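Chain residues, written in single-letter form:
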Amino acid sequence: MKYKIYKFEFITGVHFGKRALEDAEYSLGADTIFSAVCQELVKKDSQMLPDFVEKTRVGKLVISDAFPYIGTTYYLPKPIWRIETENKQGDSTIKKAYKKLSYIPAEEFSVYLDGKLDVKRVVNHLKTELGDKEVKTSAWVRNGEETLPYRVGVYSFKPQSGLYIILGYQEESDLEWIEEIFRGIGFAGIGGKKHAGLGRFRLQGEELKKSMQNRLESQTGSLYMLLSGSMPKEDELEAALKGAAYLLSKRSGFVASSDYAPEQMRKRDFYLMQAGSCFGCRFQGDIYQVGEGGAHPVYRYAKPLFMEVF
């Protein structure tokens, strides 16, 4: 499989909330990106949708979560795995920094695994250079009813910062149409409150560094880390959980399609193993159906993109 980086250079603030409307996160899951591609395909050419779903189901196309970048520095999720550090006696400020650490510069990943990363520097750099959170007050206006204010969390990326994904692909011919779809998503926006102009971005493609390519291609490692929220199939679960270290994330929400049902309907709740979760063996995962009783399938992307840790 070949891999390529796609940077999302946001030209507006974004609303990526996990719980409350006032949340202002900067993380974005592969399942959200997958859903955005599906919605854009329906607008562009709905006949392409089954082919896209099948290619992702069998692993010919693979999407990572969206991770932060600052300038030329790309960040990877912190492995959910115990790392022995040089500071064994335990400086309390370093311990606090480790708890706050969510992402590691890709070029320093091996340094982190060796327990030699300057964690306080990395945490501070992300906090000060990536972007800023704020809560904006907007008005909800309905015909003939009283105007109601509400508060929305917005994250604004600083210049030269944003999010990137890793796309795995087998056929060069897929790049042209999927790049067009990503540009369409960038024009319309991704995440919440798109009608208010949030989530718009410019797309920029870059080649993956050889060191990262090697970690993605490795089949001989003893430990692998997820770069996308995923869930093993039922017959893979027992083997995947042996010696694994993982966190679960609940996914829920409403079906975005207006063609699905006369009224807005909820998706079935679903749990994903978060990016950063570590496993002793790879699994295939799947694309799961999370709709109930509507006019068309509703998919939850849960295919893994693995990276070797050790």
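Each remark here, short or long, concerns the structure printed above.
Below: a short report on this structure. What you are looking at is a predicted structure, and each value in this text was computed from that prediction instead of being measured. (Residues numbered from 1 in each chain as written. Predicted model: local features only at pLDDT ≥ 70, side-chain atom pairs only at ≥ 80, totals over all residues. Heavy atoms only, no water.)

1. Notes on the packing of helix 1 (residues 30-45) against helix 2 (residues 49-57)
Packing of helix 1 against helix 2 leaves a shortest axis separation of 9 Å and a crossing angle of 155°. Taken together, the axes of helix 1 and helix 2 lie roughly antiparallel to each other. Facing Phe-34, Val-37, Cys-38, Leu-41, Val-42 and Asp-45 of helix 1, the residues of helix 2 in contact are Leu-49, Phe-52, Val-53 and Thr-56. Looking at the contact of helix 1 with helix 2 residue by residue, the class counts come to eight nonpolar, one polar and one charged. (Axes fitted to C-alpha atoms, helices over the stretch in contact; angles between N-to-C directions. Helix = DSSP H or I, 4+ residues; strand = E, 2+ residues; numbered from the N terminus. Parallel < 35°, antiparallel > 145°, perpendicular 65-115°, else oblique. Contact = heavy atoms within 4.5 Å. Nonpolar A, V, L, I, M, F, W, Y, C, P; charged D, E, K, R; others polar.)

2. As for helix 2
Among all positions in helix 2, only Leu-49, Phe-52, Val-53, Lys-55 and Thr-56 are buried. The arc that holds every buried residue of helix 2, seen down its axis, measures 165°, which confines them to one face. Contacts from the buried residues of helix 2 go to helix 1, strand 2 (61-63), helix 6 (173-188), strand 14 (286-289) and strand 15 (299-302). Of the residues flanking the end of helix 2, it is Gly-59, one or two places downstream, whose phi is positive at about 90°. (Buried < 20%, exposed > 50% of the residue type's maximum accessible area, 1.4 Å probe, protein only. Arc of directions from axis to C-beta.)

3. What to know about a nonpolar patch on the surface
Taken together, Leu-237, Leu-241, Tyr-246, Leu-248 and Tyr-271 make up a surface patch of nonpolar side chains, about 420 Å² in accessible area. Among the structural elements, Tyr-246 can be located in the loop between helix 8 (237-241) and strand 11 (248-251). (Patch = residues over 30% accessible without salt bridge, like charges linked within 9 Å, V, L, I, M, F, W, Y side chains within 5 Å. Areas by Shrake-Rupley, 256 points an atom, 1.4 Å probe, with all protein chains shown as cover. Salt bridge = Lys/Arg side-chain N within 4 Å of Asp/Glu carboxyl O.)

4. Observations regarding the nonpolar core
Counting 74 residues, the largest nonpolar core has Phe-10, Phe-52, Ile-166, Phe-182, Ile-190, Leu-216 and Leu-227 as the members making the most contacts within it. Broken down by element, the residue count for this core peaks at seven residues, all from helix 1. What Phe-182 contacts, discounting residues up to four positions off in sequence, is Tyr-6, Ile-33, Val-37, Ile-165, Phe-201 and Leu-203. Core analysis: the second largest hydrophobic core is formed by 17 residues, Tyr-224, Val-255, Ala-261 and Phe-306 among them. (Core = buried A, V, L, I, M, F, W, Y, C linked by side-chain atoms within 4.5 Å.)

5. Thoughts on the pattern of salt bridges
Applying the stated criterion to the full structure yields 19 salt bridges. A salt bridge links Glu-9 to Arg-202, with the nearest nitrogen and oxygen atoms 3.9 Å apart. Taken together, the positions of Glu-9 in strand 1 (residues 2-10) and Arg-202 in strand 9 (residues 201-207) put the pair 193 residues apart, joining distant regions of the chain. Glu-134 serves as the salt-bridge partner of Lys-136, at 4.0 Å between the closest nitrogen and oxygen. Among the ionic contacts, a cluster of salt bridges with common partners joins Asp-51, Lys-55, Glu-171 and Asp-174.

6. As for the side chain of Thr-73
Relative to the helices and strands, Thr-73 resides in strand 4 (residues 73-77). Judged by its relative accessible area of 17%, Thr-73 is buried. Apart from residues no more than four positions distant in its own chain, Thr-73 is found in contact with Pro-68, Pro-105 and Glu-107.

7. Remarks on helix 1
If you check helix 1, its first and last C-alpha atoms are 22 Å apart, about what 16 residues at 1.5 Å a residue would give, namely 22 Å. Along helix 1, the positions that sit buried rather than exposed are Ala-30, Asp-31, Ile-33, Phe-34, Ser-35, Ala-36, Val-37, Cys-38, Glu-40 and Leu-41. (Expected span 1.5 Å × (residues − 1).)

8. Comments concerning the sheet that holds strand 16 (residues 306-308)
One open sheet holds the three strands; their spatial order is 13-10-16, and the pairing between them is antiparallel. The sheet is open, and its two edges are formed by strand 13 (278-279) and strand 16, each paired on a single side. Strand direction decides the pairing type here: strand 10 (residues 224-226) and strand 13, joined by two bridges, are antiparallel. Paired with Met-225 across the bridge in strand 13 is Cys-278. (Pairing = 2+ DSSP bridges.)

9. Concerning the state of the cysteines
Overall, the coordinates contain zero disulfides when judged by the stated rule. There is no disulfide at Cys-278, and the cysteine sulfur nearest it, in Cys-281, is 13 Å away. (Disulfide = S-S within 2.5 Å.)

Remember, this is a structural readout, not a statement about activity or role.
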